[in-house]
Amino acid sequence: MAKPLLFGRMEIGRVYNIRASAISNNWVYKGILSYEDAAIVSGKPYWPGGLVVALALPPGSRGRQLDERELAALEAEQGAGVRPMKKGELPPLVGAQEYAELFGVTQVAVGQAARGGAGQLPEADYTLSGSNLWLLDTVLDSAEATMKKSRKGLWVLRDEVAAALREGRYEGPGSFFSQRGNKAQSGSGGA
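Residues numbered from 1 in each chain as written. Predicted model: local features only at pLDDT ≥ 70, side-chain atom pairs only at ≥ 80, totals over all residues. Heavy atoms only, no water.

1. A closer look at the packing of helix α1 (residues 9–16) against helix α2 (residues 21–30)
Okay, so step 1: Interhelical geometry of α1 versus α2 gives an angle of 85° and a closest axis separation of 8 Å. In this view, α1 runs roughly perpendicular relative to α2, as classed from their interaxial angle. Across the interface between the two elements, R9, I12 and Y16 of α1 pack against I23, S24 and W27 of α2.
Okay, so step 2: When the residues that make up the contact of α1 with α2 are grouped by side-chain class, the tally is four nonpolar, one polar and one charged. (Axes fitted to C-alpha atoms, helices over the stretch in contact; angles between N-to-C directions. Helix = DSSP H or I, 4+ residues; strand = E, 2+ residues; numbered from the N terminus. Parallel < 35°, antiparallel > 145°, perpendicular 65-115°, else oblique. Contact = heavy atoms within 4.5 Å. Nonpolar A, V, L, I, M, F, W, Y, C, P; charged D, E, K, R; others polar.)

Here is the structure:
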């Protein structure tokens, strides 16, 4: 399967020449984008590439103008070969929280292993909006090496978590997006 184009807030800002904060504060608020259309990985939304590209207004219109050069650069950086329109078309994705759950370690341990340079974790398939993301297949393909390189054998692959991620039924840490800001406060009854 060709690698899909993915967008976090920063990447959307980059190709539309807007601040990343405008995605939550404006686009989601006005219904241009929805968190329901995003894959939630480690608590952050990532939208399918085709969906984001389709939001562009025709050239010469006022408003959402796509920077084609930035889009081409982003596709090249990601090595993306397809532009999926729906989150259901995306392969299973893993961020630091899911990685930790997969191997029964802390998120801090995942971050240290990713930065450690000892080759315990494979290179991330994506770095989006400042976060590393891996395709589940990348993680599973290197699971044996990850476990071998773990100190004291602490990292052990949990097959039930891998199956839940693959089948789209994972509900562990990082699987949901929590509202932030004024919207979150008003929804919590002021607590």
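Resuming the write-up.
2. Quick notes on the sheet that holds strand β6 (residues 131–135)
Okay, so step 1: Pairing in this open sheet of three strands is antiparallel, and the strands run β4-β6-β5 from one edge to the other. This sheet does not close on itself; its edge strands, each paired only once, are β4 (93–94) and β5 (126–128).
Okay, so step 2: Here three bridges tie β5 to β6, and the two strands are oriented antiparallel to one another. Residue Y126 lies in a different strand from β6, and its bridge partner there is L133. (Pairing = 2+ DSSP bridges.)

3. Some points on the sheet that holds strand β2 (residues 39–41)
Okay, so step 1: In spatial order, the strands read β1-β3-β2; together these three strands make up an open sheet with antiparallel pairing. A single partner strand is all that each edge strand has here, and the edge strands are β1 (6–7) and β2.
Okay, so step 2: Relative to strand β3 (residues 44–48), β1 runs antiparallel, the two sharing two bridges. Residue pairing in the sheet places F7 in a bridge with W47 of β3.

4. Quick look at the pairing of β3
Okay, so step 1: In terms of burial, β3 is largely enclosed, as four of its five residues are buried.
Okay, so step 2: Judged from the three bridges that link them, β2 and β3 form a sheet pairing that is antiparallel. Bridge assignment links V41 to a residue of β3, and that residue is K44.
Okay, so step 3: Counting the residues in the hairpin turn of β2 and β3 gives two residues, including S42, whose phi is positive at 50°. (Buried < 20%, exposed > 50% of the residue type's maximum accessible area, 1.4 Å probe, protein only.)

5. Quick word on the nonpolar core
Okay, so step 1: F7, I12, Y16, L33 and W47 are the most contacted members of the largest nonpolar core, which has 21 residues in total.
Okay, so step 2: Contributions of two or more residues to this core are made by α1, α2, α3 (49–53) and α4 (68–78).
Okay, so step 3: Excluding its chain neighbours within four sequence positions, the residues that come into contact with L33 are I12, I23, W27, V28, W47, L51 and L55.
Okay, so step 4: Counting 19 residues, the second largest nonpolar core, distinct from the first, contains A143, W155, A164 and Y170. (Core = buried A, V, L, I, M, F, W, Y, C linked by side-chain atoms within 4.5 Å.)

6. Comments concerning the domain arrangement of the chain
Okay, so step 1: Considered domain by domain, the chain is made up of domain 1 (6–89) and domain 2 (93–167).
Okay, so step 2: The centre of domain 1, based on its C-alpha atoms, is set 26 Å off from the matching centre of domain 2.
Okay, so step 3: Contacts between the two partners involve twelve residues from domain 1 and, on the opposite side, 13 residues from domain 2.
Okay, so step 4: Taken together, both faces of the contact between domain 1 and domain 2 bury some 1,000 Å²; the carbon and sulfur share is 59%.
Okay, so step 5: At the boundary of domain 1 and domain 2, one finds zero salt bridges.
Okay, so step 6: Applying the counting criterion to the domain 1 and domain 2 interface returns seven residue pairs in polar contact (both at pLDDT 80 or more).
Okay, so step 7: Of the residues that constitute the side of domain 1 that touches domain 2, the class distribution is six nonpolar, three polar and three charged. (Domains from an automatic or database assignment. Buried area = accessible area lost by both parts, 1.4 Å probe. Salt bridge = Lys/Arg side-chain N within 4 Å of Asp/Glu carboxyl O. Polar contact = N/O pair within 3.5 Å; in protein donor to acceptor, adjacent residues only side chain to side chain.)

7. Description of the side chain of S131
Okay, so step 1: With respect to the helices and strands, the residue S131 is situated in strand β6.
Okay, so step 2: Among the residues examined, S131 registers a relative accessible area of 14% and is labelled buried.
Okay, so step 3: In this structure S131 touches K44, Y46 and Y126, once residues within four positions along its chain are discounted.

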